[in-house]
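Descriptive structure summary
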Amino acid sequence: MSLALARKYRPRNFATVAVQSHVANTLKGAIARGRVAHGYLLCGPRGTGKTTLARVLAMALNCERRGEPELQGEPCGFCSSCDRIWSGSTSLDVVEIDAASNRGVDDARELRERAMYAPSGDDRYKVYIVDEAHMLTREAWNTLLKVLEEPPPRVVFVFATTEPQKIAQMAAPVLSRLQRFDLKRIGPVEIRERLAIVLADEHVEFEEEALGMIARAADGGLRDALSLTDQVLSLGESGAVTTERVRAALGLIPDDEFLALLDLVTERRAAELFPAVQRLADAGVDFTLILNGLGDLLRAQLAIALGGTPTELPERLRAALAERAGRVSAGDLLRMLHALLEMEPIFRRSGQPQLMLETLLVRFALLDRTVELEEVLRGFGEGTRDDPPPRRVTAESRVASAHALPPAPPAVVAPAIERAPAPPIPRPATQQVAQAAAAAQMAPPPAPAPRAERTARIAPPPSLDTVLEQWTDVGEMIRRNGRGMVAQAVQWLRPLEVTPHGGLILGYAPSNDTWARAAESARADILAAIQGCFEGVTGFSLRAHAESAVAAPDADGIPTRRITAHDVQKERLDALTARDPLLEAAVLALDLELRD
Ligand SMILES: [Zn+2]
């Protein structure tokens, strides 16, 4: 096998373009009917076949056998014209431009001038394939707009982009002159199927599970999956594609490591998480891989909790997760996933990925787990109808806000500034209730959870007005105590809302980037200080949270427009569910309001 697989199996016609048949068929039909547009926009994630489709289109337009009835808009794939375009070697009529490196107006001008040149023959088309089109400058788009307004005959532009919204922002008039196609993300199951076909064709034996591992590592990119397969095959002499070989070649983390982390979390063995993560770090594992793997696992566990079957996982892992079903509620899994997804973008840029990962896992382990309503009711027996449940466990409160995630424990908070009074770590009262409930099932009647715990839980939080009345005093107290950044920060922050669960949403001006740029640990310290002082002044215990997306408080400290925390949450939830259809389904199924 001398030729790289990704290259060797690059499609030579529309029919073999994986997954994107909705686009391929439309393009093929347009060619067959002679109704080719002057501009196309292909949108989709990395590795979904944008450039491949563009090349097949160019091949079809310039195929020497074009017009033969049996081809029906397909390129023949093997004539000298097709072959040249397919292999990416120089062709007079197909120009591939990487916008990431040719962004300027000069390039666009040159492009325009070149576009004026007719194709090399009367029967040929000139096709410009502009990759990473969102990188083009406004000036470049302006020039292109002029070209597209009066398109030269038999010139076709194909723009490929991963970020169509950027083009929409910058070049809306151009967009309206393009035919847009959205390519689908290629799922792990489809990648696995494709790999199976390729390897069978290559007469290479394989384990199904090994292909699943490659598919997951490729993360929706077919070309990447084929390149990774090459990488696996190049390791060692020859032989089958096995799980061990894949793991060794790609440096993957064994599933058991993830299961071990999950077990530490569910069994609340927080202290053991540090050595576990350290062990992975010592083995040279990439932390992003750990985070991704953990996300896959939580997602699969959630799917199982909801009664689904995560088909993208190997059978053994699926069975292991099924065994663990019920140990963590769907709501808690959702909260964990939420926290993980929120951390992801920061994580990639962080200089301290290990610390962030450890903090996240410890937060998971200390998570104030929620209790199923049925369990609570069972725990308190049938005969205590006039005894209200200790805590209203509704769908809404089951996915309590991330407020209920305990703050990062002091051990992992970098001592960026002077330590503020430690925030109250929520007691795992609900777990006691759960244990009581479990005990009740075996030996009724149980002693209900301690009443003090319960009354503390149901004491209503103060109103926003009460908080605002006391806010000056809180600020004064913090300022008097003279903690540099904390004293300053309290001037930027304004109470916006008190949530039913005792969270205090603080707002700050989006223009204030000092807060935005502050290290996470510094922010945690500031919030902890505010909580401590707040409790000292008012006697109320609230969990402080700062929201970045709220309207700027004006000079009087009263927000000019009140964007409620609900708006912020909804926006976040929308963004979150847009990224993960399963999560959306989960939210709908549970009728949950994800709060943060
Ligand atoms: Zn051909």
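Viewed as axis vectors pointing N to C, helix α15 (residues 287–305) and helix α17 (residues 330–349) meet at an angle of 155 degrees, and their least axial separation amounts to 10 Å. If you check the angle between α15 and α17, you find them roughly antiparallel. The handedness of the crossing between α15 and α17 comes out as left-handed. Residue-level inspection shows Thr288, Leu291, Leu294, Gly295, Leu298, Arg299, Gln301, Leu302 and Ala305 of α15 in contact with α17, the latter providing Ala330, Leu333, Leu334, Met336, Leu337, Leu340, Glu344, Phe347 and Arg348. Class assignment for the residues of the contact of α15 with α17 results in 12 nonpolar, three polar and three charged.

What follows covers the pairing of strand β1 (residues 39–43). Judged by how many residues are buried, β1 sits mostly within the fold: five of five residues are covered. Bridge count between β1 and strand β4 (residues 155–161): five bridges; the pairing is parallel. Paired with leucine 41 across the two strands is phenylalanine 159, which belongs to β4. Sheet topology note: the β1/strand β5 (residues 179–182) ladder contains four bridges and is parallel. By the bridge assignment for β5, leucine 42 is matched with phenylalanine 181.

Bringing helix α18 (residues 353–365) into the picture now. Taking 1.5 Å per residue, 13 residues should reach 18 Å; α18 reaches 18 Å between its end C-alpha atoms and fits that length. Within the span of α18, buried status applies to Leu357, Glu358, Thr359, Leu360, Leu361, Val362, Arg363, Phe364 and Ala365. Against the buried residues of α18 lie α13 (255–266), α14 (273–282), α15 and α17.

What follows deals with helix α6 (residues 138–149). Helical periodicity: at 3.6 residues per turn, an α-helix aligns residues three or four positions apart in one direction. Across its 12 residues, α6 extends 16 Å between first and last C-alpha, which sits within 8% of the 16 Å expected from 1.5 Å per residue. Here α6 has its buried residues at Ala140, Trp141, Thr143, Leu144 and Val147. Buried residues of α6, viewed axially, fall in a sector of 160 degrees; they line one side. Across from the buried face of α6, at angles greater than 90 degrees, the exposed residues are Arg138, Lys146 and Glu149.

This paragraph deals with the sheet that holds strand β3 (residues 126–131). Spatial strand order, β2-β3-β4-β1-β5: five strands in an open sheet with parallel pairing. Each having just a single partner strand, β2 (94–98) and β5 make up the two edges of the open sheet. Across the sheet, the axes of successive neighbouring strands diverge by a mean angle of 15 degrees, strand direction being ignored. Seen against the sheet, helix α3 (residues 50–62) touches β1, β2, β3 and β4 and runs at an angle of roughly 175 degrees to β3.

The rules behind these values
- The residue numbers shown here count from 1 along each chain, following its written sequence.
- Confidence filtering applies because this is a predicted model: local features only for residues at pLDDT of at least 70, side-chain atom pairs given and counted only at 80 or more, and all residues used for totals across whole chains, interfaces and linings.
- Helix axes are fitted only over the stretch in contact, all axes being lines through C-alpha atoms; the angle between N-to-C directions runs from 0 to 180 degrees.
- Labels follow the DSSP assignment, with helices taken as runs of H or I lasting at least four residues and strands as runs of E lasting at least two, numbered in each case from the N terminus.
- The cut-offs work like this: below 35 degrees is roughly parallel, past 145 is roughly antiparallel, 65 to 115 is roughly perpendicular, and the gaps in between are oblique.
- If you view the pair so one helix is near and one far, a crossing is left-handed when the near helix is turned anticlockwise from the far one by less than a right angle, and right-handed when it is turned clockwise.
- Working definition of a contact: two residues with C-beta atoms, positioned from the backbone, lying within 7 Å.
- Under this grouping Gly is polar, as are all residues other than the nonpolar Ala, Val, Leu, Ile, Met, Phe, Trp, Tyr, Cys and Pro and the charged Asp, Glu, Lys and Arg.
- Residue burial is a threshold on neighbouring C-beta atoms within 10 Å of the residue's own C-beta, all placed from the backbone, with 20 or more meaning buried, 12 or fewer meaning exposed, and counts in between meaning partly exposed.
- Paired strands are those between which DSSP finds at least two bridges.
- One fewer than the residue count of a helix, multiplied by 1.5 Å, yields its expected span.
- Our arc is simply the arc of the directions from the helix axis toward the C-beta atoms.

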